[in-house]
Amino acid sequence: MPTAVLTDRERAAVQAYLRLLGSVRAAFDGPPGPRPPVVPPAALAEAEQALSAAGLAGNEEEFFRLLRSWCPGA
């Protein structure tokens, strides 16, 4: 499988997404039951800004291709 070389902005977008994903996963690691919204607004804003700066906003297919190539299994 070829390895993608990400730009700094693409890498920042992937890293912001992974931090956001980690926040969501941590919120659901507790016991079952109702949960309040748990995504910190700052984490969501960071991910949105990073995606936009990398030109990936609205281009999910390209973003997830980069994510899979840089961080398999995410």
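**Q** I'm lost on the overall build of the protein in this one. Help?
**A** On a plain count of helices and strands, the protein comes out with three helices and zero strands. Counted from the first residue to the last, the protein has its helices and strands arranged as α-α-α. The burial tally for the protein puts 22% of its 74 residues in the buried class.

**Q** Hey, could you run me through the confidence of the model for the protein in this one?
**A** In low-pLDDT regions, the fine details of the predicted coordinates are not to be read closely. Of the residues in the protein, 81% have a pLDDT of 70 or more, and the chain-wide mean is 78. The weakest mean pLDDT in the protein belongs to helix 3 (residues 60-70) at 77; the strongest belongs to helix 2 (residues 41-53) at 86.

**Q** Any chance you could explain the nonpolar core here in plain terms?
**A** One broad rule of soluble globular proteins: the nonpolar side chains tend to lie buried together. Core analysis: the biggest nonpolar cluster contains 13 residues, and Ala13, Val14, Leu56 and Phe63 have the highest contact counts within it. The set of elements that each furnish at least two residues to this core consists of helix 1 (8-27), helix 2 and helix 3. Sorting elements by how many residues they give to this core places helix 1 first, with four residues.

**Q** Would you mind going over helix 3 with me for this structure?
**A** Since one α-helical turn is 3.6 residues long, residues separated by three or four positions face the same way. Burial in helix 3 covers these residues: Phe63, Leu66, Leu67 and Ser69. Each element contacted by the buried residues of helix 3 is listed here: helix 1 and helix 2.

**Q** What's the story with the environment of Ser52 in this structure? I'm lost.
**A** Inspection of the secondary structure puts Ser52 in helix 2. Expressed as a C-alpha distance, the spacing of Ser52 and Ala13, which sit 39 residues apart in the sequence, is 8.4 Å.

**Q** I would appreciate a short explanation of helix 1 in the present structure.
**A** Taking 1.5 Å per residue, 20 residues should reach 28 Å; helix 1 reaches 29 Å between its end C-alpha atoms and fits that length. The complete set of buried residues in helix 1 reads Glu10, Ala13, Val14, Ala16, Leu20 and Leu21. Along helix 1, the residues classed as buried sweep out an arc of 165 degrees about the axis, all on the same side. Structural note: helix 1 exposes Asp8 and Ala26 on the side pointing more than 90 degrees away from its buried face. Buried positions along helix 1 lie against helix 2 and helix 3.

**Q** Explain the packing of helix 1 against helix 3 here, please?
**A** Geometrically, a packed helix pair is captured by the angle between its two axes and the distance between the axes. Across the interface, helix 1 lies against helix 3 with an axial gap of 10 Å and an inter-helix angle of 80 degrees. Relative to helix 3, the element helix 1 is oriented roughly perpendicular. Residue-level contacts link Glu10, Arg11, Ala13, Val14, Gln15, Tyr17 and Leu18 of helix 1 to Phe63, Phe64, Leu66, Leu67 and Trp70 of helix 3. The class makeup of the residues in the contact of helix 1 with helix 3 is nine nonpolar, one polar and two charged.

Each value, and the rule that gives it
- Residues numbered from 1 in each chain as written.
- Predicted model: local features only at pLDDT ≥ 70, side-chain atom pairs only at ≥ 80, totals over all residues.
- Heavy atoms only, no water.
- Helix = DSSP H or I, 4+ residues; strand = E, 2+ residues; numbered from the N terminus.
- Buried < 20%, exposed > 50% of the residue type's maximum accessible area, 1.4 Å probe, protein only.
- pLDDT = per-residue confidence, 0-100.
- Core = buried A, V, L, I, M, F, W, Y, C linked by side-chain atoms within 4.5 Å.
- Contact = heavy atoms within 4.5 Å.
- Expected span 1.5 Å × (residues − 1).
- Arc of directions from axis to C-beta.
- Axes fitted to C-alpha atoms, helices over the stretch in contact; angles between N-to-C directions.
- Parallel < 35°, antiparallel > 145°, perpendicular 65-115°, else oblique.
- Nonpolar A, V, L, I, M, F, W, Y, C, P; charged D, E, K, R; others polar.

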